[in-house]
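Letter by letter, the chains look like this.
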Amino acid sequence: MSANLFAGGYKNQPYWWEAAPQPSLPPIAPPASCDVAVVGSGYTGLCAAIELARGGRHVVVLDAEDAGWGCSSRNGGQVSTSIKPAFDELAGHHGKEIAFGIRREGFNALQWIEDFIRAEKIECNWERVGRFHGAHNTAAFEKLAHDVTHQTRGLEVEAHVVAKNEQRSEIGTDRYFGGVVFPHHACLHPAKYHLGLLARARPRALSLSPAARCSRSLATAAPSSWPRRAAVCRPAR
Ligand SMILES: Cc1cc2nc3c(=O)[nH]c(=O)nc-3n(C[C@H](O)[C@H](O)[C@H](O)COP(=O)(O)OP(=O)(O)OC[C@H]3O[C@@H](n4cnc5c(N)ncnc54)[C@H](O)[C@@H]3O)c2cc1C
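As a starting point, this report considers the structure included with it. (Residues numbered from 1 in each chain as written. Predicted model: local features only at pLDDT ≥ 70, side-chain atom pairs only at ≥ 80, totals over all residues.)

1. Observations concerning helix α2 (residues 87–94)
- Summarising burial for α2: 0 of the 8 residues are buried, a small minority.
- Note on α2: the residue one or two positions beyond its end, Gly95, has a positive phi of about 90°. (Buried ≥ 20, exposed ≤ 12 C-beta atoms within 10 Å, placed from the backbone. Helix = DSSP H or I, 4+ residues; strand = E, 2+ residues; numbered from the N terminus.)

Printed below as a string of structure tokens:
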């Protein structure tokens, strides 16, 4: 493959890291004992660790890479109410009641993260800017419009359909085939949010151990003094 594939100035890392320089923390040996070992220093692991540490537990966060190396510093920063997959697919796997509860969590999560960011004063450019889902063809537009007008009862999200000839007023382009606006969705700077979590996690009886790759049994990272069945919050990858 040609070396000229990439544009001049191409960098193999997110350009938004410039506004949120990524820390390279020195590896720390895991302590001889802990109440809970959390594997992964992304949003999931750090939120769990903060909560547990504030509840008085001695927590250790293990990560095979630098803190936040995974999705949590690289994502698009869009914050919505939606949890994938859609309700019907979830209901097929778990039944309607559980599916409803899972989707409901998405609603709660949007408000939760806003309250959390405000309470913790995390500077991460949080804004309720709304969101536009653009359709890449006519069929996609019809599906988007259908989904908005046939939402599951009790899980309705405020949204309005925007026809192709009106979308310029929303996003300043005619390229899409229309779309849907979700006025209450939000956005944030993903890496700044992660740094905010990291800053709140580190002072609280919490050791971060970069360069600790864990197997399912924690065999490679944990000191032999740790119980073999330590509670582990394992990230998806
Ligand atoms: C390109 C992209 C765009 C996205 N855009 C959005 C968006 O706009 N809105 C949204 O809500 N979501 C978005 N997401 C999804 C979102 O980023 C993730 O759901 C979220 O960051 C997951 O957080 P996490 O802590 O579970 O995982 P991660 O942030 O990936 O953290 C997992 C950590 O675990 C470590 N780890 C993994 N296995 C091991 C092991 N065996 N031993 C030790 N350490 C290990 C990794 O090194 C990593 O640091 C996007 C994702 C991607 C990739």
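2. Things to note about the nonpolar core
- Counting 28 residues, the largest nonpolar core has Leu46, Ala49, Val59, Val61, Leu197 and Ala201 as its most contacted members.
- Mapped by element, the contributors of at least two residues to this core are β1 (36–39), α1 (43–54), β2 (59–62) and α6 (190–201).
- When sequence neighbours within four positions are dropped, the list of residues in contact with Leu197 reads Tyr43, Leu46, Cys47 and Ile50.
- One finds Phe141, Ala159, Val162 and Tyr176 within the second-largest nonpolar core, a separate group that totals 7 residues. (Core = buried A, V, L, I, M, F, W, Y, C linked by C-beta atoms within 7 Å. Contact = placed C-beta atoms within 7 Å.)

3. A look at the packing of α2 against helix α3 (residues 96–120)
- Viewed as axis vectors pointing N to C, α2 and α3 meet at an angle of 135°, and their least axial separation amounts to 7 Å. When the interaxial angle is binned, α2 and α3 end up oblique. Two packed elements cross with a definite hand, and for α2 against α3 that hand is right-handed. For the pair formed by α2 and α3, the contact residues are Phe87, Leu90, Ala91 and His94 on the first element and Lys96, Ile98, Ala99, Ile102 and Arg103 on the second.
- Grouping the amino acids of the contact of α2 with α3 by side-chain chemistry returns 6 nonpolar, 1 polar and 2 charged. (Axes fitted to C-alpha atoms, helices over the stretch in contact; angles between N-to-C directions. Parallel < 35°, antiparallel > 145°, perpendicular 65-115°, else oblique. Left-handed = near helix turned anticlockwise from the far one by under 90°. Nonpolar A, V, L, I, M, F, W, Y, C, P; charged D, E, K, R; others polar.)

4. Quick word on the pairing of β2
- Residue alternation in β2 divides its side chains into two sets, Val59 and Val61 and Val60 and Leu62, and both sets are buried.
- The pairing of β1 with β2 spans 4 bridges and is parallel. Within β2, the residue paired with Val36 across the bridge is Val59.
- After leaving β1, the chain enters α1 and then returns to the sheet as β2, a path that is right-handed. (Pairing = 2+ DSSP bridges. Right-handed = clockwise from strand over helix to strand, strands pointing away.)

5. Observations regarding unusual backbone geometry
- Cis geometry marks the peptide bond from Lys84 to Pro85; its omega dihedral reads -5°.
- Its place among the elements puts Pro85 in the loop between β3 (78–79) and α2.
- Its identity is not glycine, yet Lys121 carries a phi of approximately 55°, on the positive side.
- Looking at the secondary structure, you find Lys121 in the loop between α3 and β4 (131–134).
- The exposed category is assigned to Lys121, around which 7 C-beta atoms lie within 10 Å.

6. Overview of the sheet that holds strand β5 (residues 160–162)
- As summarised here, the arrangement of the 3 strands in space is β4-β6-β5, forming an open sheet in which the pairing is antiparallel. Of all strands in the sheet, those with a lone pairing partner are β4 and β5, marking the two edges. Taken pair by pair, the neighbouring strands of this sheet meet at an average axis angle of 25°, ignoring direction.
- Direction of pairing for β4 relative to strand β6 (residues 179–182): antiparallel, over a ladder of 4 bridges. Of the residues in β6, the one forming a bridge with Phe132 is Val181.
- Against the sheet, helix α4 (residues 138–149) touches β4, β5 and β6, its axis set at about 40° to β6.

7. Considering the environment of Pro85
- Using a count of 14 C-beta atoms within 10 Å as the deciding quantity, one classes Pro85 as partly exposed.
- Residues Pro85 and Arg103 lie 18 residues apart in sequence; the distance between their C-alpha atoms is 9.1 Å.

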